[in-house]
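Close look at the chain arrangement
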There are 2 protein chains.
Amino acid sequence: MRLVVIGGLAAGMSAAARARRVDPSLEIIVLEKGAHVSWAACGLPFYLSGRVKSLEELILHKPDYFERQRNIRVRTNAQVTAIEPARRQVVLRSGERLAYDRLVIATGARPSKRIPGSELPHVFTLHTLEDARRMREYIEQRPVRKAAVIGAGYIGLEVADALAEGGIQVTLFEAAPGVLGRNDPRLTRRVVEHLARLGVQVQLNTRIETLAPDSPAELVVLATGVEPNVELAAEAGIELGRTGAIRVNDRMETNLAGVFAAGDCIETLHLVTGGPIYLPLGTTANKTGRVAGANAAGARERFPGVVGTTIVSLRGLTIGVTGLSLAQARQAGFDAVSVHIEAQDRSPYLGSRPTEVELVADRRTGGLLGGAVTGEQGVAGRINVIAAALTAAMPLEQFAQLDLAYTPPLAPVWDPLLVAAHELKKALL
Amino acid sequence: MRLVVIGGLAAGMSAAARARRVDPSLEIIVLEKGAHVSWAACGLPFYLSGRVKSLEELILHKPDYFERQRNIRVRTNAQVTAIEPARRQVVLRSGERLAYDRLVIATGARPSKRIPGSELPHVFTLHTLEDARRMREYIEQRPVRKAAVIGAGYIGLEVADALAEGGIQVTLFEAAPGVLGRNDPRLTRRVVEHLARLGVQVQLNTRIETLAPDSPAELVVLATGVEPNVELAAEAGIELGRTGAIRVNDRMETNLAGVFAAGDCIETLHLVTGGPIYLPLGTTANKTGRVAGANAAGARERFPGVVGTTIVSLRGLTIGVTGLSLAQARQAGFDAVSVHIEAQDRSPYLGSRPTEVELVADRRTGGLLGGAVTGEQGVAGRINVIAAALTAAMPLEQFAQLDLAYTPPLAPVWDPLLVAAHELKKALL
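Predicted model only: the values in this text are computed from it and were never measured.

So, on to the overall build of chain A. Looking only at helices and strands, one finds 12 helices and 22 strands in chain A. Against the globule reference of 22 Å for 429 residues, chain A gives a C-alpha radius of gyration of 23 Å, in line with a compact fold. Based on the C-alpha atoms only, the size of chain A along its principal axes is roughly 65 × 55 × 40 Å. Evaluated residue by residue, chain A yields a buried proportion of 59% over its 429 residues. Long-range pairs, those at least 24 residues apart, make up 63% of the contacts in chain A with a sequence separation of at least 6. Total accessible area on chain A stands at roughly 16,900 Å², and carbon and sulfur atoms take up 48% of it. Both charge centroids of chain A, one from 48 positive and one from 44 negative side chains, sit 2 Å from each other.

What follows is the structure, given as structure tokens:
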């Protein structure tokens, strides 16, 4: 039995590693089109800011680790150009054909480059190790005083912060009225004000139509989202979902027998809306890769879906969101209501700082639909509690009574989550 | 209608404030035996360490705030010596009688002083503002080179750390084999090793039988737990529970009509065991006080109980526990199993540090029973996620798939909670 995995990053290597654990006798071959496997894409902004000194630090394992320690064959610079399900073969650019019994497609995504001028030499994306290397070299080799970042998703925010940390004047352009794709005016205001203090001017509602060679920005970073790499799958007859990404069931099976998909090329189930969502994130790539690998090797595991937890850590402000914003909830058809509170993140006599919590609920059922937390400290933990509550469909009454940790240096006696929950109870009366 | 509240700290003032919100016309009188109300008992160790400069910082509100802003009459130095439920009166030490229509008993707790010698001049407890003032003065006025702290509960740990921070050689004695009353050998080892690095030697399994005036320690701090102040209630015919604290229902009603109790003098329901527990903590005092006050003023609110979340923040190590330890679970009759993992608390290329997670589950149902987290960062958030899962009786399968926040500076792609949950799934197979 041979398992072929297309793609050697988070999802692909998770699939290969998990398949190996499930079945020690399986032949496993990973085909990676690039030069490296198993590197940490989420670390790229921190290389740009200099907090990560060398790109080598972002490479978690080299191919020989997988060969020697895991008995997984890894072929880099091996681009697959076709999948032929009838023959159970993949075709490589070289013309070589490789048979498979089970296939995991983990082809990932690519940065969206729909703006004319995207190929100009001063325009970058931050998607690969090579992108990061080129961008840092570019900055080091010439005086870059002004930069434009296009797109205020989490990568755009991280890149803007990283460039500003290096002393560059940054303007961040966003076509939508809000950041992080949430259409949340209050969250947006907090982030915009904070970025201004870090040296990043944000221009919302500003769609960049075209990029010119003589723009005032010496450096432009495109961060307008990613598009799933689905062409290989689609041409092989694999179904795509409503979002345009590969459709899989909760076992990560595509519509073709023996063919699984995972990572940034698939859509997943949103546990709050019950509908499909395309939300390519490192955690989901690892989790879906793991499940795809397990099932490809003969186990029976499932990935239930996501609640959409995303977090961005800027200098001095962390922003966490999960579930639906008020606007997203209304758009999804919920009779949604939200509350917003500002509270102290620990006891006032130990230097507390303000943190903000927004909670969104369904007026009809009283159930939680989502939340957002911003602050300097404790944001990840608080957003995770909301994520757990969403996953459990916890009644608001129970959420408002949670026995949360209290100690003066880390949390106030009334945790901001509980303060927000009490306000939400009032709003639902 | 007059509401009388006995006790002006966390529970009592929460009750009074909440009652005022529920019923603006109620007459509310708080009787506090001490000189101050509404001060933050949990801040005392941080005054001892010097992180809180003045005890004034720990006083959240003075009596005139409640009088003027909340229309709550506050009488300090007003000790109640008897409750006469037949007449609906309380009797003060002065002989004065005060009638009530509704009564909230928030008499709190007192430090246990069962060891002979507890009244020696170099022996202290840390329970009141006056205790803290006296202890800091004592340390400032003479060379204290060696101190003994008796009891390794959270107050003992915090006091030992605070004294060591001031350069004092501290020995911490604990009669039980483990810290924090959990009987958890691994957690205990981690805490003991860490305290040694902070200058605190821990002697477990060491019961102090008596305190002598000529001991090598120039300062002794008793931190052997607290006992609920129930005499006033018991003499009035109010029922106590199995734990020795006042028994209340989920509306904070005692067995006497119109008489409520809240805070450190009551026992609460443990949501994991389903039995009563005496766990006096600031959060529970505030929550039960709030519910007692609401119901005393005519609302209908309830307090469901606790899962036992406790957290201690030492220099360089935070320890969080919730639910039951393995030993506690077995003692409570569960067929319990536990796993323990060490994982990185964020991405390795951003200076991650080890964090440890223990999870305890019921072999029969597969349900979570408890957990412990230790580490430098992110402990409060992670213990809160376990607390939320315990409250929701979340299946382990769901817990292991939680969509937790991932960003390299704050959390690794596989959160330590998920790593532990996957190990626990294996242990339950």
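Residue-level contacts link 50 residues of chain B with 50 residues of chain A. For the pairing of chain B and chain A, the buried interface totals around 4,900 Å² over both sides, and the portion due to carbon and sulfur atoms is 65%. Where chain B meets chain A, there are 18 residue pairs in polar contact (both at pLDDT 80 or more). Breaking the side of chain B that touches chain A down by element, the ones donating at least two residues are helix 8 (282-296), strand 18 (310-314), helix 10 (379-392) and helix 12 (416-428) of chain B. At eight residues, the largest contribution of residues to the side of chain B that touches chain A is made by helix 10 of chain B. Here the residues of the side of chain B that touches chain A sort into 28 nonpolar, 15 polar and seven charged.

Right, let's talk about the confidence of the model for chain A for a bit. Here chain A shows a mean pLDDT of 97. Residues at 70 or above account for 100%. For this predicted complex, the interface confidence reaches an ipTM of 0.97, while the overall pTM sits at 0.97.

Here the focus is the sheet that holds strand 5 (residues 89-92) of chain B. All names here are of chain B. Strand order in the open sheet formed by three strands is 4-5-6, with antiparallel pairing between adjacent strands. Edge positions in the sheet fall to strand 4 (80-84) and strand 6 (97-99), since each has one partner strand and no second. Strand after strand, the sheet turns through a mean of 25° between neighbouring axes, direction not considered. Taken together, the three bridges between strand 5 and strand 6 define a ladder with antiparallel strand orientation. Pairing of valine 91 across the sheet is with arginine 97, part of strand 6.

Counting residues in hydrophobic clusters, the biggest one holds 77 residues, and the most contacted among them are Leu359 and Phe399 of chain A together with Leu359 and Phe399 of chain B. Beyond its immediate stretch of four places on either side in the chain, leucine 359 of chain B contacts Val337, Ser338, Val339, Leu368, Gly370, Gly371, Ile386, Phe399, Leu417, Ala420, Ala421 and Leu424 of chain B.

With that settled, consider helix 12 (residues 416-428) of chain A. Under the 1.5 Å per step criterion, the end-to-end length of helix 12 of chain A is 18 Å for 13 residues, consistent within 8% with the ideal 18 Å. For helix 12 of chain A, every residue scored as buried is listed here: Pro416, Leu417, Leu418, Ala420, Ala421, His422 and Leu424 of chain A. Buried residues in helix 12 of chain A make contact with strand 20 (336-344), strand 21 (354-362), strand 22 (368-375), helix 10 (379-392) and helix 11 (396-399) of chain A together with helix 8 of chain B. At the N-terminal end of helix 12 of chain A, a side-chain oxygen is found 2.9 Å from the backbone nitrogen of leucine 417 of chain A, two or three residues along, and the residue is aspartate 415 of chain A.

The next subject is the pairing of strand 21 of chain A. Residue and element names in this part refer to chain A. Counting buried positions along strand 21 yields eight of nine residues, so the element is predominantly enclosed. In terms of strand pairing, strand 20 meets strand 21 through nine bridges, oriented antiparallel. Note on strand 21: the bridge partner recorded for alanine 343 is threonine 355. Both strand 21 and strand 22 contribute to a ladder of six bridges, which runs antiparallel. Across the sheet, the residue bridging to glutamate 356 is threonine 374, located in strand 22.

Note on the copies: chain B fits chain A at an RMSD of 0.0 Å, the axial shift is 0.0 Å, and the rotation between them is 180°. Interpreted geometrically, this transformation is the action of a two-fold axis. Identified as the residue of chain B closest to the rotation axis by C-alpha distance is glycine 381 of chain B, at 1.7 Å. Both copies share a contact surface, since 100% of the interface residues of chain B are interface residues in chain A too.

Residues and elements named next belong to chain A. The three strands lie next to each other as 4-5-6, forming an open sheet whose pairing is antiparallel. Because the sheet does not close on itself, it has two edges, and the strands there are strand 4 (80-84) and strand 6 (97-99). Adjacent strand axes in the sheet meet at a mean angle of 25°, parallel and antiparallel pairs treated alike.

Looking now at the pattern of salt bridges. Note on pairing: side chains with opposite charge can pair once their charged atoms come close. Residue and element names in this part refer to chain A. Tallied over the full model, the rule gives 48 salt bridges over all chains. Note that aspartate 250 is salt-bridged to arginine 302, the shortest N-O span being 2.9 Å. Pair noted here: aspartate 250 is in the loop between helix 7 (231-235) and strand 15 (259-261) and arginine 302 is in the loop between helix 8 (282-296) and strand 18 (310-314), with a separation of 52 residues, a long-range link. Note on arginine 302: relative accessible area 41%, which makes it partly exposed. A single salt-bridge network, built from bridges that share partners, covers Glu84, Arg87 and Arg97.

Bringing the packing of helix 1 (residues 10-22) of chain B against helix 8 of chain B into the picture now. All names here are of chain B. Relative orientation of the contacting elements helix 1 and helix 8 amounts to 35°, with a least axis distance of 7 Å. For the element pair helix 1 and helix 8, the recorded crossing hand is right-handed. Between helix 1 and helix 8, the contacting residues are Ala10, Ala11, Ser14, Ala15, Arg18, Ala19 and Val22 on the first element and Ala285, Asn286, Gly289, Arg290, Gly293 and Ala294 on the second.

Glancing now at the side chain of aspartate 345 of chain B. Residue and element names in this part refer to chain B. Mapping aspartate 345 onto the fold places it in the loop between strand 20 (336-344) and strand 21 (354-362). With relative accessibility at 0%, the residue aspartate 345 sits in the buried group. A polar side-chain atom of aspartate 345 sits 3.0 Å from a polar atom in the side chain of arginine 346. Not counting the four nearest positions on each side in its chain, aspartate 345 is found in contact with Ser352, Arg353, Thr355, Gln377, Arg382, Leu410, Ala411 and Pro412.

Turning our attention to the packing of aromatic side chains. Counted under the stated rule, the structure contains four aromatic pairs over all chains. Between tyrosine 65 of chain A and phenylalanine 66 of chain A the ring centres are 5.2 Å apart and the planes differ by 85°, which places this aromatic pair in the edge-to-face class. In this structure tyrosine 65 of chain A comes out as partly exposed when scored by relative accessible area, which is 25%. Plain terms: the ring middles of phenylalanine 124 of chain A and tyrosine 138 of chain A are 5.0 Å apart, the flat faces sit at 65° to each other, and that makes the pair edge-to-face. Of this pair, phenylalanine 124 of chain A sits in strand 9 (residues 123-125) while tyrosine 138 of chain A sits in helix 4 (residues 129-141), and the two are 14 residues apart along the sequence. For phenylalanine 124 of chain A, a relative accessible area of 3% gives the class buried. In this structure, arginine 136 of chain A packs its charged tip against the face of tyrosine 47 of chain A, placed 3.9 Å from the ring centre. Taking the ring centre of tryptophan 414 of chain A as reference, the NZ or CZ of arginine 290 of chain B above it sits at 5.6 Å.

Conventions we followed
Residues numbered from 1 in each chain as written. Chains lettered and ligands numbered in written order. Predicted model: local features only at pLDDT ≥ 70, side-chain atom pairs only at ≥ 80, totals over all residues. Heavy atoms only, no water. Helix = DSSP H or I, 4+ residues; strand = E, 2+ residues; numbered from the N terminus. Rg over C-alpha atoms; globule rule 2.2 N^0.38 Å. Buried < 20%, exposed > 50% of the residue type's maximum accessible area, 1.4 Å probe, protein only. Contact = heavy atoms within 4.5 Å. Areas by Shrake-Rupley, 256 points an atom, 1.4 Å probe, with all protein chains shown as cover. Lys, Arg positive; Asp, Glu negative; His and termini not counted. Charge placed at Lys NZ, Arg CZ, Asp CG, Glu CD. Buried area = accessible area lost by both parts, 1.4 Å probe. Polar contact = N/O pair within 3.5 Å; in protein donor to acceptor, adjacent residues only side chain to side chain. Nonpolar A, V, L, I, M, F, W, Y, C, P; charged D, E, K, R; others polar. pLDDT = per-residue confidence, 0-100. Pairing = 2+ DSSP bridges. Axes fitted to C-alpha atoms, helices over the stretch in contact; angles between N-to-C directions. Core = buried A, V, L, I, M, F, W, Y, C linked by side-chain atoms within 4.5 Å. Expected span 1.5 Å × (residues − 1). Least-squares fit on C-alpha atoms with pLDDT ≥ 70 in both. Salt bridge = Lys/Arg side-chain N within 4 Å of Asp/Glu carboxyl O. Left-handed = near helix turned anticlockwise from the far one by under 90°. Phe/Tyr/Trp six-rings, centres within 6.5 Å; stacked < 30°, edge-to-face > 60°. Lys NZ or Arg CZ within 6 Å of the ring centre and 35° of its normal.

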